[in-house]
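So you can see what is in the structure, the chains are spelled out below.
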Amino acid sequence: MRSNRTMTSRAITFNKLGDYGYIAIGGAICIALLFGLVFIQGGYLVTVLQLAMIYGIFCVGLNFFMGYTGQASFGQNAFAAIGGYGTAIFCVQYNWQPILALLVSMGIAGVAALVVGYPTLRLRGHYLAMATFALGLITYDISVQWTSLTQGYMGYSGIPPLGIGPFTVEDERMKLLCLIAVLLFGLWISHRLRDSRFGRALRAISTSEPGAAALGIRVSHYKLVAFIIAALYASASGSLFAHVVGFISPEVFGLQMVVVTFTMLYVGGIGTVLGPAIGAIIASLLPELFRSTGRFQDIAYAAVLLLLLIFMPKGLSALAEIGRSRVPRRSAEG
Amino acid sequence: MALLKVRDLTKRFDGLQANSEINLEIPEGSLFGVIGPNGAGKTTFFNMISGFLQPTAGTIEFAGTDITNMRQDKIAAMGLVRTFQLVQLFKGMSVAENVEVGFHLATRGGVAAAVARLAWFRRQEADVHAKARELLDFVGLADQAEQDAELLPYGQQRLLEVARALAARPRLLLLDEPAAGLNSHETDALAKIIQQLNAQGITVLLIEHDVALVTRIAQRIAVLDFGCKITEGTPDEIKRHPDVIAAYLGTDEAAHA
């Protein structure tokens, strides 16, 4: 018994040196093939993947707050709305450069998250969920009612595409490439932060706030920073949506967005680095897969989501873990 | 010199007097025990010292600074680090990562440092990894370093909590019933570890239900009963004290109270 235990732990340490599970490698190849195919074929699926990337950026950010830190927020769409409307207003009304509009909007969203988060994050559990939910509803109402600023239900159209100076990204495939680059950048940051002093503090808070506080971690401070990071990602995704689609309205950042992003987070694997991005791709493609079933599309989509959550409660990215544990066992026996 | 000075510490919960006017001085470098029967107010006392409960009255002074009503993380930053009676491990993190979290106070750097990963930050991370392994080695959990912390047997979870607290470089380590739920073999291992870290210069305040453990390793012991400190002395004095025997075994008076 005892020798058995040391065997496995040694094998796992050995494995940590750098091989990934077969399933993870297989998954990576599948995603690469998928993007390649869509890229060659073009058309509607390019748009689907564009939106998947935008949602992916949003989810990678939300994962900081909900995954790493373990807090509930039902109102992150508010910050996506700030990004989207900021970009629309700065670019359409004031002819700003897209990059500048995106960055300034992120700044506004960050400050808004700080102001809103400071009092709200004293709440916990269901209370925090309700407060953040209200935040999303309030933002939605503002975007509908404050017509002089937001143009109400009509929304903004004619938002220019992304670009720097004279160079603009008009081609749909190029847009997708840009979005992939931004998502990868977002994932890179998430990866760097997760295994650091900062990331460990967030993850400690997610399972034991007293334990974290007893080790000198300022719990409220770290929650607030995670909330702000999530807001920055959300704002960037809102701005990118505005540039890529060229049109925004209150509905874009409504409740639908909350539901969709939650699905993505849980399907992909909350609290993991890659999970949010994988979830965004899968949850965006599934409805397209069932398009041929006509009126059964929604039912099929819901059924598959349910099955995924029942049989993979830790999300699709947990599949990589299965592959990983197989590798050391074999090498330990052999 | 006293590292921790507690003056007239009192806590009332809606009419229940959980702690009344407790006075205590813990000398630097000592291994100090607090014992008392269940419900004597040990954990309440402990929670007030570590900032997890606000006292109704009284003051707490640590290393010459008044820490009454100070936030928990600030108290920890001053070098007063606690463990919990109900272990508060970070689930979903490995055994080694749990200890690495403990180095929070001993390290620096936030979001920008983690993204940039300059040389000093990489060095610090490598240092944290290495030192976490050393601490796990010290408590005898080196072989389990990569394992998920939740999967450890209960006795080892307690040892992990001690290792994690040590990472925070405590001047005073508060151990809240560390032997609860341990078998005699595990308790012996724990006793040895506590004595070793005390020998390294860490002052230890040990709150325990298990009288045998405390009388064996503590240099000085205070006894709580019904929220009051009934006596204080060396282990030998405590073992022979009639009030202590009464509190633990019960007298007619205590049984009626």
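About the cut-offs
- Residues numbered from 1 in each chain as written.
- Chains lettered and ligands numbered in written order.
- Predicted model: local features only at pLDDT ≥ 70, side-chain atom pairs only at ≥ 80, totals over all residues.
- Core = buried A, V, L, I, M, F, W, Y, C linked by C-beta atoms within 7 Å.
- Buried ≥ 20, exposed ≤ 12 C-beta atoms within 10 Å, placed from the backbone.
- Helix = DSSP H or I, 4+ residues; strand = E, 2+ residues; numbered from the N terminus.
- Contact = placed C-beta atoms within 7 Å.
- Nonpolar A, V, L, I, M, F, W, Y, C, P; charged D, E, K, R; others polar.
- Axes fitted to C-alpha atoms, helices over the stretch in contact; angles between N-to-C directions.
- Left-handed = near helix turned anticlockwise from the far one by under 90°.
- Pairing = 2+ DSSP bridges.
- pLDDT = per-residue confidence, 0-100.
- Expected span 1.5 Å × (residues − 1).
- Arc of directions from axis to C-beta.

Counting residues in each nonpolar core, the largest one holds 159 residues, and the members touching the most others are A:A226, A:A230, B:L136, B:A163 and B:L206. No other element matches helix α11 (residues 219-245) of chain A, which puts 16 residues into this core. Leaving out residues up to four positions away in the same chain, B:L136 has contacts with B:V95, B:A96, B:V99, B:L141, B:A142, B:A145 and B:A163.

The next subject is the interface of chain B and chain A. Each partner contributes residues to the interface: chain B has 34 residues there, and chain A has 27 residues. The set of elements that each furnish at least two residues to the side of chain B that touches chain A consists of α2 (72-77), β6 (80-82), α3 (95-102) and α4 (111-116) of chain B. Of the residues that constitute the side of chain B that touches chain A, the class distribution is 14 nonpolar, 11 polar and 9 charged.

A few words now on helix α1 (residues 42-49) of chain B. Residue and element names in this part refer to chain B. The element α1 is extensively covered by neighbouring structure, given that 8 of its 8 residues are classed as buried. Every buried residue belonging to α1 is among K42, T43, T44, F45, F46, N47, M48 and I49, and all of these are buried. Immediately downstream of α1, the backbone of G51 shows phi near 85 degrees, a positive value.

Time to look at the packing of helix α4 (residues 77-93) of chain A against helix α5 (residues 98-120) of chain A. Residues and elements named next belong to chain A. As a packed pair, α4 and α5 sit with axes 8 Å apart at the nearest point and diverge in direction by 140 degrees. In the packing of α4 onto α5, the handedness of the crossing is right-handed. The segment α4 lies against α5, with F79, I82, G83, G86, T87, F90 and C91 engaging P98, A101, L102, V104, S105, M106, I108, A109, A112 and A113.

What follows covers the sheet that holds strand β5 (residues 65-66) of chain B. All names here are of chain B. Pairing is antiparallel in the open sheet, where 4 strands are placed in the order β2-β1-β4-β5. Among the strands making up the open sheet, the edge pair consists of β2 (16-27) and β5. Here strand β4 (residues 57-62) runs beside β5; their pairing, made up of 2 bridges, is antiparallel. By the bridge assignment for β5, F62 is matched with T65.

A separate point is the packing of helix α12 (residues 255-268) of chain A against helix α13 (residues 275-289) of chain A. All names here are of chain A. Contact pair α12 / α13: the axes reach a minimum separation of 7 Å and the direction vectors enclose 115 degrees. Here the hand of the crossing between α12 and α13 comes out right-handed. Each of V260, T263, M264, L265, V267 and G268 in α12 lies in contact with α13, whose residues at this interface are G275, P276, A277, I278, G279, A280, I282 and A283. Taken together, the residues of the contact of α12 with α13 break down into 10 nonpolar, 4 polar and no charged.

This part takes up the sheet that holds strand β10 (residues 228-233) of chain B. Residues and elements named next belong to chain B. Strand order in the open sheet formed by 6 strands is β6-β7-β8-β3-β9-β10, and the pairing between neighbours is mixed. Edge strands, defined here as strands with exactly one partner in the open sheet, are β6 and β10. Neighbour-to-neighbour, the strand axes of the sheet open up by a mean angle of 20 degrees, direction not taken into account. Here strand β7 (residues 172-176) pairs with strand β8 (residues 203-208) via 5 bridges, running parallel. Bridge assignment links L175 to a residue of β8, and that residue is L206.

Residues and elements named next belong to chain B. One non-glycine residue, D8, lies in positive phi territory at about 50 degrees. By the secondary structure assignment, D8 is in strand β1 (residues 2-13). Of note in the backbone geometry, F226 takes a positive phi value of approximately 45 degrees without being a glycine. Overall, F226 belongs to the partly exposed group, with 17 C-beta atoms counted inside 10 Å.

Here the focus is the pairing of strand β9 (residues 220-225) of chain B. Residue and element names in this part refer to chain B. Among the 6 residues that make up β9, 5 are buried, leaving the element largely enclosed by the rest of the structure. With 4 bridges joining them, strand β3 (residues 31-35) and β9 adopt parallel strand pairing. Its bridge partner being in β9, I35 is matched across the sheet by V223. Direction of pairing for β9 relative to β10: antiparallel, over a ladder of 5 bridges. Directly across from L224, in β10, lies its bridge partner K229. Hairpin connection, β9 to β10: the antiparallel pair is bridged by 2 residues, and F226 has positive phi, about 45 degrees.

Residues and elements named next belong to chain A. Confidence along chain A averages 84 in pLDDT terms, with 89% of residues attaining 70 or more. Within chain A, helix α1 (residues 2-16) has the poorest average pLDDT of any element, 41, and α11 the best, 95. Here residues 1-18 is modelled with pLDDT under 50, and outside its nearest four sequence neighbours on either side it reaches 19 contacts, counting other chains as well.

Residues and elements named next belong to chain B. Of note, I60 is situated in strand β4. A residue is classified by how many C-beta atoms lie within 10 Å of it, and I60, with 23 of them, is buried. A C-alpha to C-alpha distance of 41 Å links I60 and A119, two positions 59 residues apart in sequence. Apart from residues lying up to four places away in sequence, I60 is in contact with V6, L9, M48, I49, I67 and T68.

Okay, the confidence of the model for chain B next. Of the residues in chain B, 96% have a pLDDT of 70 or more, and the chain-wide mean is 89. In the model output, the complex is listed with pTM 0.87 alongside ipTM 0.88.

Residue and element names in this part refer to chain B. Counted at 1.5 Å a residue, the expected span for helix α5 (residues 119-139) with its 21 residues is 30 Å, and the 31 Å between its end C-alpha atoms agrees. Every buried residue of α5 is listed here: E125, V128, A132, L135, L136 and V139. With its buried residues spanning 100 degrees around the axis, α5 presents them on a single face. Turned more than 90 degrees off the buried face of α5, the exposed positions are A119, W120, R122, R123, A126 and A130. Its buried side turned inward, α5 meets α3, α6 (154-167) and α7 (184-199). Just downstream of α5 lies G140, where phi reads positive at about 80 degrees.

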